[in-house]
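# Report on the structure
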Amino acid sequence: GEDVEQSLFLSVREGDSSVINCTYTDSSSTYLYWYKQEPGAGLQLLTYIFSNMDMKQDQRLTVLLNKKDKHLSLRIADTQTGDSAIYFCAESVHEGTASKLTFGTGTRLQVTL
Amino acid sequence: NAGVMQNPRHLVRRRGQEARLRCSPMKGHSHVYWYRQLPEEGLKFMVYLQKENIIDESGMPKERFSAEFPKEGPSILRIQQVVRGDSAAYFCASSQNTGELFFGEGSRLTVL
């Protein structure tokens with residue numbers, strides 16, 4: 001079955017790096033995603049990685065994928081107060097034309113001064 | 001190019017009433033998905049529709065919930081005889097083919 005797990009809370013100081021971790025169980029996952037949700041808002045896609053990649057970097061964001069351990073992480077460099085939000089990891093298995101996502105429970109990132 | 005539009009943003013219903021949530025996908029998108037987010041939880045898949053067809057409703061509760069995506073007009077998620085446990089944020093997403101999902105800002109249902 002599909003299950004995605006994340007730690008619930010992370011607190012970092014402004015300027016430090018944040019690392020948010022995620023584990024998943026479905027070995028047939030094709031894409032893995034990181035979404036950001038600010039209070040009262042919808043989900044914003046931050047980045048994604050295809051399952052045959054190990055790493056992807058996009059400005060301050062670095063995604064690492066360990067497919068053997070089914071572990072995904074998101075590193076945010078030089079964390080800013082505007083990065084405070086809930087971060088969701090999600091996986092998809094493209095079956096035919098479906099893009100159904102399975103989400104983790106979200107990690108609340110708190111950035112302190 | 002407007003994003004995914006959901007309305008109402010906030011809806012309050014009493015137990016036993018009906019709730020109707022609407023979603024207009026992004027222009028050019030023919031795939032619509034509904035997700036539910038219970039308080040302090042992640043999003044759970046409910047249903048996937050294309051125009052006039054339900055493709056996958058494996059996440060829909062068996063009773064009281066229905067969804068449609070007519071040829072003309074928005075997708076509708078309908079909840080009959082609401083109960084307190086239906087209180088949640090309901091997110092719609094759309095995609096073009098099997099590509100990236102774009103999410104709306106959600107409709108927050110409160111059942112009194």
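Placed above this text is the structure.
Residue positions within a chain follow its written sequence, with the count starting from 1. Here chains are named by letter from A upward and ligands by number from 1 upward, in the order in which they appear as written. Note on the predicted model: pLDDT of at least 70 is required for a residue's local features to be given, and 80 or more for side-chain atom pairs to be given and counted; whole-chain, interface and lining totals, by contrast, use all residues. For the side-chain quantities, the full set of heavy atoms in the structure was used; hydrogens and water were omitted.

## Re the overall build of chain A
Numbering of helices and strands runs from the N terminus, with a helix taken as a DSSP run of H or I at least four residues long and a strand as a DSSP run of E at least two residues long. Per the secondary structure count, chain A includes zero helices and 11 strands. For chain A, the α and β elements follow one another from N to C terminus as β-β-β-β-β-β-β-β-β-β-β. Relative to its length of 113 residues, chain A is compact, with a C-alpha radius of gyration of 14 Å against a globular reference of 13 Å. Counting contacts in chain A only where the partners sit at least 6 residues apart, residues at least 24 apart contribute 56% of the total. When the accessible surface of chain A is totalled, it reaches about 5,600 Å², and 48% of it is carbon and sulfur. Just so you know, the count uses Lys and Arg for positive and Asp and Glu for negative, and it drops His and the chain ends. A charged residue contributes its charge at one atom only: NZ of Lys, CZ of Arg, CG of Asp or CD of Glu. Once the 10 positive and 14 negative side-chain charges of chain A are each reduced to a mean point, those two points are 2 Å apart. Two things to know: the radius of gyration comes from C-alpha atoms, and the globule rule equals 2.2 Å times the number of residues to the power 0.38. Contacts are residue-level and defined by heavy atoms, with any inter-residue pair within 4.5 Å sufficient. Every accessible area reported is derived by Shrake-Rupley at a probe size of 1.4 Å, with residue values counting cover from the shown protein chains alone.

## What to know about the interface of chain B and chain A
Listed as interface residues are 24 residues of chain B and, on the opposing side, 19 residues of chain A. Accessible-area loss on putting two parts together, using a 1.4 Å probe and summing over both, is the definition of buried area adopted here. Summed over both sides, the interface of chain B with chain A buries roughly 1,600 Å², with 53% coming from carbon and sulfur. By salt bridge we mean one thing: a side-chain nitrogen of Lys or Arg within 4 Å of a carboxyl oxygen of Asp or Glu. Our count for the chain B to chain A interface comes out at one salt bridge. Ionic pairing is found between K100(A) and D56(B), a salt bridge with its closest N-O pair at 3.2 Å. Distance and chemistry together define a polar contact, namely a pair of N or O atoms within 3.5 Å, with one atom able to donate a hydrogen and the other to accept it when in protein, and with adjacent residues in sequence counting only for side-chain atoms on both sides. Scanning the region where chain B abuts chain A turns up five residue pairs in polar contact (both at pLDDT 80 or more). Partitioning the side of chain B that touches chain A into residue classes produces eight nonpolar, nine polar and seven charged. Classification convention: Asp, Glu, Lys, Arg as charged; Ala, Val, Leu, Ile, Met, Phe, Trp, Tyr, Cys, Pro as nonpolar; all other residues, Gly among them, as polar.

## Some words on the nonpolar core
All names here are of chain B. Ranked by internal contacts, the top residues of the largest apolar core, which has 23 residues, are W34, M46, L77 and Y90. Elements with a minimum of two residues in this core: strand 3 (19-24), strand 4 (31-37), strand 5 (43-50), strand 7 (65-68), strand 8 (75-79), strand 9 (88-95) and strand 11 (107-111). The contacts of Y90, once residues within four sequence positions are left out, are Q6, L21, W34, Y35, R36, M46, F65, L77, I79, G106, S107 and L109. What we call a nonpolar core is a set of buried Ala, Val, Leu, Ile, Met, Phe, Trp, Tyr and Cys residues that are connected through their side-chain atoms within 4.5 Å. Buried means the residue's accessible area, taken with a 1.4 Å probe over protein chains only, is under 20% of the maximum for its type, while exposed means over 50%, and partly exposed covers the values in between.

## What to know about the pairing of strand 4 of chain B
All names here are of chain B. Strand 4 sits mainly inside the fold: seven of its seven residues count as buried. Burial along strand 4 is two-sided: the residues H31, Y33, Y35 and Q37 and V32, W34 and R36 are all buried. With seven bridges connecting them, strand 4 and strand 5 associate as antiparallel partners. Looking at the pairing, Q37 lines up with L43 of strand 5. Here strand 4 folds back onto strand 5 in antiparallel fashion, the turn holding five residues, of which E40 has a positive phi close to 65°. At least two bridges found by DSSP between two strands is the condition for calling them paired.

## Focus: the sheet that holds strand 7 (residues 61-66) of chain A
Residue and element names in this part refer to chain A. Sheet architecture is open: five strands sit in the order 1-3-8-7-6, paired in antiparallel fashion. Each edge of the open sheet carries a strand with a single partner, namely strand 1 (4-6) and strand 6 (55-58). Direction aside, the axes of adjacent strands within the sheet are offset by 15° on average. Summarising the sheet, strand 3 (residues 18-24) and strand 8 (residues 71-76) pair through six bridges and their orientation is antiparallel. Each bridged residue has a counterpart across the sheet, and for V19 the counterpart in strand 8 is R75. Here an angle of 0 to 180 degrees is reported between the N-to-C directions of two axes, which are lines fitted to C-alpha atoms, with helices fitted over the stretch in contact.

## Overview of the sheet that holds strand 8 of chain B
Residues and elements named next belong to chain B. Reading across from one edge, 1-3-8-7 is the order of the four strands in this open sheet, with antiparallel pairing throughout. Strands with a single pairing partner mark the edges of an open sheet, and in this sheet they are strand 1 (5-7) and strand 7. Across the sheet, the mean angle from the axis of one strand to that of its neighbour is 15°, orientation sign disregarded. In the sheet, strand 3 pairs with strand 8 via five bridges, with the strands oriented antiparallel.

## Things to note about the pairing of strand 7 of chain B
Look at any regular strand and the pattern is simple: side chains alternate between the two faces of the sheet. All names here are of chain B. Only one face of strand 7 is buried, namely the one carrying F65 and A67, since none of S66 and E68 on the opposite face is buried. Where strand 7 lies against strand 8, four bridges are found, and the strand directions are antiparallel. Paired with S66 across the strands is R78, a residue of strand 8. Linking two consecutive strands that pair antiparallel, namely strand 7 and strand 8, is a turn of six residues; a positive phi of about 100° is found at G73 within it.

## Re the state of the cysteines
For this text, the term disulfide refers to a pair of cysteine sulfurs within 2.5 Å. Applying the stated criterion to the full structure yields two disulfides over all chains. Here C22(A) connects covalently by a disulfide to C89(A), the sulfurs 1.8 Å from one another. In this pair, C22(A) is assigned in strand 3 and C89(A) in strand 9 (residues 85-92), connecting sequence segments 67 residues apart. The class of C22(A) is buried, set by a relative accessible area of 1%. Between the sulfur atoms of C23(B) and its disulfide mate C92(B) the distance is 1.8 Å. The chirality of the disulfide connecting C23(B) with C92(B) is left-handed, given an S-S dihedral of about -55°. Placement of the pair is C23(B) in strand 3 and C92(B) in strand 9, with a sequence separation of 69 residues.

In short, geometric facts, not functional conclusions.
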